[in-house]
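Examining the three-dimensional arrangement
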Amino acid sequence: MAVSPWIFHSIRIISWTTFLGKKFKFKEALKIVTGTELGSAITPTAVGGGYMKIGLLMKSGLSTSEAISVNFLGSIEDATFFLFALPIGFSISQVWKLETFDRVFALVDFTNIIKISTILLILLISLLILIKFVNIPYPQKIRVVILNNNAIILSQFITENKD
């Protein structure tokens, strides 16, 4: 039971990196997860797990931007889960019947939150489908040039075939 979060986190890393077109073995993903946990445990919060995870992903063959994206996807996935789980959990547990929460929940209409959550989920899924299957140019190289004390960002857009 104690190692199940590591196993599921490893599966998440495998699925995210597969989405980016990289193949990770379970053993490699598990090393990244345990290294991240170790980094979180032995370093201060500001230095710990996230930076350790990015470093281990880069060491495993991902580019810097891909490693940062995989790290950020975890936050998006967790936020999406809580966006749906909390209203559903509140509905099932009928927490609004408790006197403590009467004043707080009197200000919030949960039907609108569930509708907005559903719309956001549909938009997120549509965006992921669009990114995966549509040939969208994206910045391959970004260069910052300083001219007259102004930073100018030059980016070279390329279009790759995803076939």
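The structure reproduced in this document is the subject of the present report. (Residues numbered from 1 in each chain as written. Predicted model: local features only at pLDDT ≥ 70, side-chain atom pairs only at ≥ 80, totals over all residues. Heavy atoms only, no water.)

Tallied over the full model, the rule gives 3 salt bridges. Of the charged contacts in the structure, one is a salt bridge between E77 and R12, with a shortest N-O distance of 2.5 Å. With E77 in helix α4 (residues 64–93) and R12 in helix α1 (residues 4–19), this pair connects stretches of sequence that are 65 residues apart. Using a relative accessible area of 34% as the deciding quantity, one classes E77 as partly exposed. A relative accessible area of 24% places R12 in the partly exposed class. Residues K22 and E66 are paired through a salt bridge, measuring 3.9 Å at the closest nitrogen-oxygen approach. (Salt bridge = Lys/Arg side-chain N within 4 Å of Asp/Glu carboxyl O. Helix = DSSP H or I, 4+ residues; strand = E, 2+ residues; numbered from the N terminus. Buried < 20%, exposed > 50% of the residue type's maximum accessible area, 1.4 Å probe, protein only.)

Residues V3, W6, I7, F8, I11 and F26 make up a contiguous nonpolar surface patch of roughly 540 Å² in combined accessible area. Of all the elements, α1 adds the most residues to the nonpolar patch, at 4 residues. Tracing the chain through its elements places I7 in helix α1. (Patch = residues over 30% accessible without salt bridge, like charges linked within 9 Å, V, L, I, M, F, W, Y side chains within 5 Å. Areas by Shrake-Rupley, 256 points an atom, 1.4 Å probe, with all protein chains shown as cover.)

Glancing now at α1. With 16 residues, α1 should cover 22 Å at 1.5 Å per step; its first-to-last C-alpha distance of 23 Å lies within 8% of that length. All of the buried residues in α1 are H9, S10, I13, W16 and T17. Projection of α1 onto a plane perpendicular to its axis shows the buried side chains occupying an angular sector of 130°, all on one side. For α1, the secondary structure elements touched by its buried residues are α2 (26–42), α3 (49–59) and α4. (Expected span 1.5 Å × (residues − 1). Arc of directions from axis to C-beta. Contact = heavy atoms within 4.5 Å.)

Here we take up α4. Taking 1.5 Å of rise per residue, the 30 residues of α4 would be expected to cover 44 Å, and the 43 Å separating its terminal C-alpha atoms lies within 8% of that figure. Within α4, the full set of buried residues consists of E66, A67, V70, G74, T80, F84 and P87. Backbone geometry just downstream of α4 places Q94 in the positive-phi region, at approximately 55°.

Moving on, we come to the nonpolar core. Soluble globular proteins: nonpolar side chains tend toward being buried together. Counting 11 residues, the largest nonpolar core consists of I13, W16, F24, A29, I32, V33, I54, L57, L62, A67 and V70. Mapped onto this core, the elements with two or more residues apiece are α1, α2, α3 and α4. Examining the composition of this core, we find that 3 residues originate from one element, α2, more than from any other. (Core = buried A, V, L, I, M, F, W, Y, C linked by side-chain atoms within 4.5 Å.)

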